[in-house]
Amino acid sequence: MTQIVAAILSAIKTLTKPLAEVSAHDAQSSHQGALVAVLRANRVFLQEQLQKESSLEEETASLSAARLRTPEMAPPLPPDVLSVAQQQTLSASLQFVVSLGLCPYLAPGVGVSLGRRSAFGVMVDKLVRGGMVPAAGCRLFTTTKVLMQLTELSCLATLVFTRHLGDVMAALIQLCYQPCRAERSCSKEETVHKLSAVESHTCKEALRSLLGKVYQPMIIKELLILQGGAKQDKSGAGRSFSSGTVSRSAPIWLKHVCGRLLSERLMQSNGVQAVVRAILEGGTGTDADWRKCDCVARILVTCPQQSASADTYYGQVCHQILELLHFKDQLTAQQHQRVATRAVLLMVQEKPNFAQQYLLTPLLGPLHRCFTASDEVHSQAAVEECELTRCVTDVYKIWVVGNSPSASLLTALEKVLPVIFTLFCFTKQNVCHLRAPCEEILLWYLSHVETSVAQSALRQLSGLQNPKNQVAAKFHFTPGSDGGACLSSREISSEEDDALYEKLSEEQWRMECLMQLLAELKHCDLPGDFFLDLLQEMASWEAAAVGEKEDNLELDISTMTLVEVEQRLLAPSAKQSRRLALLQVLAMIVDCVQHTVLLRKASQVVDFLMSLLQRACVGLDQASGPVLGSPVESETLRLGMGVVATLLSGPKLSTEDYSSMWRLLPPLELLFQKHPDVLIQQLASDLRAVIATHGAFQPENLPAVAPASMKPKMTVKNTQIETNNPQTSPHSCPPDRNLPSNRPPESFGKSAAKESPEGRTSGTSTLHLPTKPISDWLLEACDPDVPTKAFALRVLTQMVQRGNPEAAHNQETLLMLFLENLEHEDSFIYLSAIQGLSALADSYPDKVLERLLKDFQHGPSRTTSNKEHSLEFRLKVGEVLMRASRAMGELTSHLGHPLISVFLQGTRDPDQSVRASSLSNLGELCPRLDYTLGTLAQELCSCLTALIKTEKVAEVRRAAVHVITLLLRGLSDKTTQVLSDVLLDMYRALKWVVRSDPDDVTMLHAQLALEEMDDIMRRFIFPEQTLQKKIIVLP
């Protein structure tokens, strides 16, 4: 403090030196001139002295700093960096200058007055506006000029622009654009000070520089504040701090100037982004922010009056709107995408031509290039991955997220729909992040477009109509490096067979993907309508075929040219191909789409039945009785009529339901009159009566019609019983010629070849066996005719299963017969032999299993056996043993140990197929041993562990791991007791497979086994808590 006082006193002493110490050259004749000269000379001397002292201090400070600086110290700060105290002092000074030298001289309505900022501002505003101030414009110009000079230094510009940007902008705009005369309400003394041309040019340049170098969202925000002015809120919520403060709106000239400047900010590069940031920055994602997004979108869509033309404006703004969709920051991206989506939707509704030209065409450009690609881009990708990803993502955001279907949007999307569907099919075959967006886009389009247009699109995608805008023929989608897809040239195969196979497989895959899309439309009527439309088209084939036959009879080829003849001959093949394609689509729909999705409404069910009945009525006039139709068509018609009966016998139907069924009356009447089947005639008559009377007439058997008609085809035995019992059905009819009762024995054998999951045939249990001695069946089993032999083997198997005494007496003969036929090359024969051997092993296990185990170990023991087919014979015996293991039941613990010994020995067989078969049999047998497996657990675990770690063949390793899976699954909660000693070794072996095995399938099996073990241990460690209520009777 004393040093500062001494410095001040020294400076004062220097300034007040007497005249004698001044040189004579500076002296003047007058006394006043002499004093002025002395003062000037002293001031120059003081300045030189201060400069010397400051330079000396700087050198001293730099030397001391260099002497004290170490490498660990931070680098020196720039010379213009201000300390915190200096910033506070400078902020207070700037506030003092702006409050006293700038705000008082702003015109009313320009900027925010001091009275609306704080209570202290009200007092300052009263003081500075106490009276008339001369040359107010000159003072405003001086203050503004000084502030703009301060902004030339970066450290000072930050303080000025962050705190007083609005005041400086208001002052510059007033100096540049305020009219020469004030508004009519102003007095004559309040006329505006007119700047000179140089001053006006200086202010405009300063304003232009300020608008160009400051952060644009801040500029736009301040311009919006200036344009709006400080309006008085009628409710009082926006009332100033003092009742004496008058609130005025912005003058008209200021609004025009701010509007023009805002339009310039908007139309410059990144202007749209700046406007969005200015309005939405600092938002919290509330409803108010979403309303702001809609307001901003409305601003962007509206062409400003200052724009030269609408075409120029939208050309500069639209591509910036699309760029708003590509922000990465999540919080910012949501708001920007909302603005962009709303802006696009508003433009499509209000400016469809500009939207198509500047928004939809550039946005969908990559998809358009997919079907317009030419051979010139073969060396590189026609559409890059980043372009395709951005395009699909933008379409998803605007169409699906925006969810505002309009004609323009649907039409634009319809043109690229085949490309999106092709891309979706590609993503279903690969791991691609575009799968979900493509699927959502396709589902959105099919859900919002009209039914007729959607059906036309489905026909194009399924190949039933001529495709439009498909991906270029020589191009296809390939995986991208970032998990997306790109369009590149296709390598055309030189082999015709390979090219045909590739085309057919691609068409099949497209059909499967289309069915998956239809299956997802669970809450839409489109799948059912499309299915019914295809059925209606198929029903029209019959009538068209009758007309074609008549035309062919009347055709005169002699009057036709060669081209017409060729077209006439090729037309049937083209029609046939379309019909085959339609049948394929129908078959795929029925197989892949659930009936609850296809026929989700009663009206759709009625339409389906109408199509079915119309098909049944076609040709009734031309055909005659028994020749008409086939058993499948008759059974289908019965099923359809059963569905009608089910609908009519359900809950109470409304008048609308009966009205929708009224269309079924004409075909039912025709069936009643002309169909040759008596049962169908009676059903048609009853259903017609119920529909015509709206349920007033109810036949007694109507509830039973549907179950009876929808039963599957009956077996021979059941059919004979039903036809002989007249009480089975009220409408009994003669036996149908097409029933299976009249089939020859060969057909029995073929129908019995179908295997059931239990290993037994589905037909042998219901065969009505003719009364023949077993010797005749043994002779027929030796017949060279394959159907006769197979049927005889099936009959012998049936006799063994039923415990026939003759079969028990001839069990050795049957065993030799089945073993001999086991080597037959026809699958129908050896499968019947396998079935017979499994039945023998089930009925007489002691003798048969011993022989089968011997043959499985060493091959066929018969002298007439073919040694070259020994391996095939052993594998068939292994199949017999596996079926026998399944059928043992409770005897597994008694009969299973010899089988386990043989199967364990088979795991060391030289042939890999035998090893795999042995492991498969172990997997079937071991889980059924339960606690008796404990003595063999160690040996079994050692065998499986060794095979897992040392076996070279992947199939054998898979079988070994699968044995562990089946063992854990079969033992379930008993695992911790039966396998307690080896459970840890099995776990380590499975973990070793997951970490080290090169085969993916083996790793998958190991993972499944680990999941089973995990479930078992969880139930063991955390048993399920059961709550029980106990009632205790006290004595």
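Residue numbering note: each chain is counted from 1, following its sequence as written. Totals for whole chains, interfaces and linings use every residue, but because this is a predicted model, local features are given only for residues with pLDDT of at least 70 and side-chain atom pairs only at 80 or more, for both listing and counting. The basis for the side-chain values is all heavy atoms of the structure; hydrogens and waters are excluded.

Caption draft 1: Seen up close, the overall build of the protein chain. Helix and strand assignments follow DSSP, with helices taken as H or I runs no shorter than four residues and strands as E runs no shorter than two, numbered in order from the N terminus. In terms of regular secondary structure, the protein chain is built from 45 helices and two strands. Buried residues are those whose accessible area, probed at 1.4 Å on protein chains only, stays under 20% of the maximum for their type, while exposed residues exceed 50% and partly exposed ones sit between those limits. Here the protein chain, with 1035 residues, has 40% of them falling under the buried criterion. For this analysis, residues touch if any pair of their heavy atoms sits within 4.5 Å. In the protein chain, 72% of the contacts between residues at least 6 apart in sequence involve partners at least 24 apart. Here the protein chain displays about 58100 Å² of accessible surface, and carbon together with sulfur accounts for 55% of that area. Note on areas: Shrake-Rupley with a 1.4 Å probe; residue coverage comes only from the protein chains shown.

Caption draft 2: Here's a closer look at unusual backbone geometry. Of note in the backbone geometry, Asn-403 takes a positive phi value of approximately 50° without being a glycine. Topologically, Asn-403 is positioned in the loop between helix H16 (385-401) and helix H17 (407-429). Even without a glycine there, the phi angle at Ser-972 is positive, about 55°. The class for Ser-972 is partly exposed, based on a relative accessible area of 26%.

Caption draft 3: Quick peek at the nonpolar core. Membership of the largest hydrophobic core comes to 152 residues, with the highest contact counts inside it found for Trp-399 and Ile-589. Apart from residues no more than four positions distant in its own chain, Ile-589 is found in contact with Met-515, Leu-518, Phe-530, Phe-531, Leu-534 and Leu-598. Think of a nonpolar core as a cluster: buried Ala, Val, Leu, Ile, Met, Phe, Trp, Tyr and Cys residues, connected wherever their side-chain atoms sit within 4.5 Å. Counting residues in each nonpolar core, the second largest holds 83 residues, with Trp-777, Val-800, Leu-895 and Val-914 among its members.

Caption draft 4: Up close: the packing of aromatic side chains. Only rings of Phe, Tyr and Trp enter the pairing, Trp through its six-membered ring, and a pair is recorded when the two centres are within 6.5 Å. The plane angle decides the type: under 30 degrees is stacked, over 60 is edge-to-face, the rest tilted. A complete count under the given rule lists seven aromatic pairs for this structure. An angle of 25° between the planes, with centres 6.0 Å apart, marks the rings of Phe-531 and Phe-608 as stacked. Separated by 77 residues along the polypeptide, Phe-531 in helix H21 (residues 526-553) and Phe-608 in helix H24 (residues 602-617) bring together distant segments of the chain. Residue Phe-531 is classed as buried on the basis of its relative accessible area, which comes to 6%. In this structure Phe-608 comes out as partly exposed when scored by relative accessible area, which is 24%. In textbook terms, an aromatic cluster arises when at least three aromatic residues are bridged by ring pairs, as seen for Tyr-313, Tyr-314, Phe-354 and Tyr-358. Here the guanidinium or amino end of Lys-876 rests over the ring plane of Tyr-830, the centre of that ring lying 3.9 Å away. The criterion is that NZ of a Lys, or CZ of an Arg, lies within 6 Å of the ring centre and within 35 degrees of the ring normal, and then a charge sits over that ring.

Caption draft 5: A look at the pattern of salt bridges. Any Lys or Arg side-chain nitrogen located within 4 Å of an Asp or Glu carboxyl oxygen qualifies as a salt bridge. Under the criterion given, the structure shown has 19 salt bridges. Among the salt bridges present, the one from Glu-537 reaches Arg-459, with a minimum N-O distance of 2.7 Å. With Glu-537 in helix H21 and Arg-459 in helix H19 (residues 451-462), this pair connects stretches of sequence that are 78 residues apart. A salt bridge links Asp-999 to Arg-958, with the shortest nitrogen-to-oxygen separation between them at 2.7 Å. Pair noted here: Asp-999 is in the loop between helix H44 (983-996) and helix H45 (1000-1021) and Arg-958 is in helix H42 (residues 954-971), with a separation of 41 residues, a long-range link.

Caption draft 6: A look at the side chain of Ser-263. Within the secondary structure, Ser-263 is located in helix H9 (residues 252-267). In contact with Ser-263, not counting residues within four places along its chain, are Pro-304 and Gln-306.

Caption draft 7: Molecular detail of helix H38 (residues 870-887). By this rule the span expected of a helix is its residue count minus one, scaled by 1.5 Å. In this model H38 runs 26 Å from its N-terminal to its C-terminal C-alpha over 18 residues, within 8% of the 26 Å that 1.5 Å per residue would give. Considered for burial, the residues of H38 that qualify are Ser-870, Phe-873, Arg-874, Lys-876, Val-877, Gly-878, Val-880, Leu-881, Met-882, Arg-883, Ala-884 and Ser-885. Where H38 ends, the next residue or the one after it, Gly-889, has phi of about 65°, a positive value.

Caption draft 8: The arrangement of the packing of helix H8 (residues 216-228) against H9 in detail. Think of each axis as a best-fit line through the C-alpha atoms, taken over the contacting stretch in the case of a helix, with angles from 0 to 180 degrees between the N-to-C directions. Two elements in contact, H8 and H9, have axes separated by 9 Å at closest approach and are oriented at 155°. In terms of orientation, H8 and H9 fall into the roughly antiparallel class. Seen along the crossing, H8 lies across H9 with a hand that is left-handed. Facing Gln-216, Ile-219, Ile-220, Leu-223, Leu-224, Leu-226 and Gln-227 of H8, the residues of H9 in contact are Leu-254, Lys-255, Cys-258, Gly-259, Leu-261, Leu-262 and Arg-265. For the contact of H8 with H9, the residue count by class is nine nonpolar, three polar and two charged. Orientation categories follow fixed angle ranges, with anything under 35 degrees roughly parallel, anything over 145 roughly antiparallel, 65 to 115 roughly perpendicular, and all other angles oblique. For any helix crossing, the convention is left-handed if the near helix is rotated counterclockwise from the far helix by under a right angle, and right-handed if that rotation is clockwise. Note that Gly is not counted as nonpolar here; it falls among the polar residues with everything else outside the nonpolar set of Ala, Val, Leu, Ile, Met, Phe, Trp, Tyr, Cys and Pro and the charged set of Asp, Glu, Lys and Arg.

Caption draft 9: Fine view of a negative patch on the surface. Together, Glu-495, Glu-496, Asp-497 and Asp-498 make up a region of like negative charge exposed at the surface. Along the chain, Asp-497 turns up in helix H20 (residues 496-520). A patch consists of residues exposed above 30% relative accessible area that lack any salt bridge, with like charges linked at up to 9 Å and nonpolar side chains (Val, Leu, Ile, Met, Phe, Trp, Tyr) linked at up to 5 Å. When charges are counted, Lys and Arg contribute as positive and Asp and Glu as negative, whereas His and the chain ends are disregarded. Think of each charge as sitting on NZ of Lys, CZ of Arg, CG of Asp or CD of Glu.

Caption draft 10: A look at the pairing of strand E2 (residues 485-489). Among the five residues in E2, four count as buried, and that is most of the element. Linkage of strand E1 (residues 475-479) to E2, two consecutive antiparallel strands, is achieved through a turn of five residues, within which Gly-483 is found at a positive phi near 85°. Pairing between strands requires that DSSP locate at least two bridges from one strand to the other.

Caption draft 11: The arrangement of the packing of H16 against H17 in detail. Packing of H16 against H17 brings their axes to within 12 Å, and their N-to-C directions diverge by 135°. Of the possible angle classes, the one that applies to H16 and H17 is oblique. When you trace H16 past H17, the crossing you get is left-handed. Residues Leu-388, Val-392, Val-395 and Trp-399 of H16 pack against Leu-409, Leu-410, Ala-412, Leu-413 and Leu-423 of H17. Considering only residue class, the contact of H16 with H17 consists of nine nonpolar, no polar and no charged.

Caption draft 12: Representation of the pairing of E1 within the structure. As defined by bridge partners, E1 adjoins E2 across five bridges and the pair is classed as antiparallel. Across the sheet, residue Phe-475 finds its bridge partner in E2, namely Ser-489.

Caption draft 13: A look at the environment of Val-214. With respect to the secondary-structure elements, Val-214 resides in the loop between helix H7 (197-213) and H8. Judged by its relative accessible area of 8%, Val-214 is buried. Considered as a pair, Val-214 and Phe-161 are 53 residues apart in the sequence and their alpha carbons are 8.0 Å apart.

Caption draft 14: View of the environment of Leu-300. Tracing the chain through its elements places Leu-300 in helix H11 (residues 287-301). In this structure, the C-alpha to C-alpha distance between Leu-300 and Val-339, residues 39 residues apart in sequence, is 9.1 Å. In this view, Leu-300 contacts Leu-266, Val-272, Tyr-313, Val-317, Ile-321 and Val-339; residues no more than four positions away in its chain are not counted.

Caption draft 15: Region of interest: the confidence of the model for the protein chain. pLDDT expresses, on a scale from 0 to 100, how confident the predictor is about each individual residue. Confidence in the prediction of the protein chain, expressed as mean pLDDT, is 76, and 76% of residues score 70 or more. Every residue in residues 21-29 is under pLDDT 50, and counting partners more than four places away or in other chains gives seven contacts. Here residues 230-247 scores under 50 on pLDDT; set against residues more than four positions off or in separate chains, the count is 27 contacts.

Caption draft 16: Focus on the state of the cysteines. The criterion for a disulfide is a pair of cysteine sulfur atoms lying within 2.5 Å. Under the counting rule described, the total for this entry stands at zero disulfides. Between Cys-926, a cysteine without a disulfide, and Cys-943, which holds the nearest cysteine sulfur, the sulfur-to-sulfur distance is 9.8 Å. The class of Cys-926 is buried, set by a relative accessible area of 2%.

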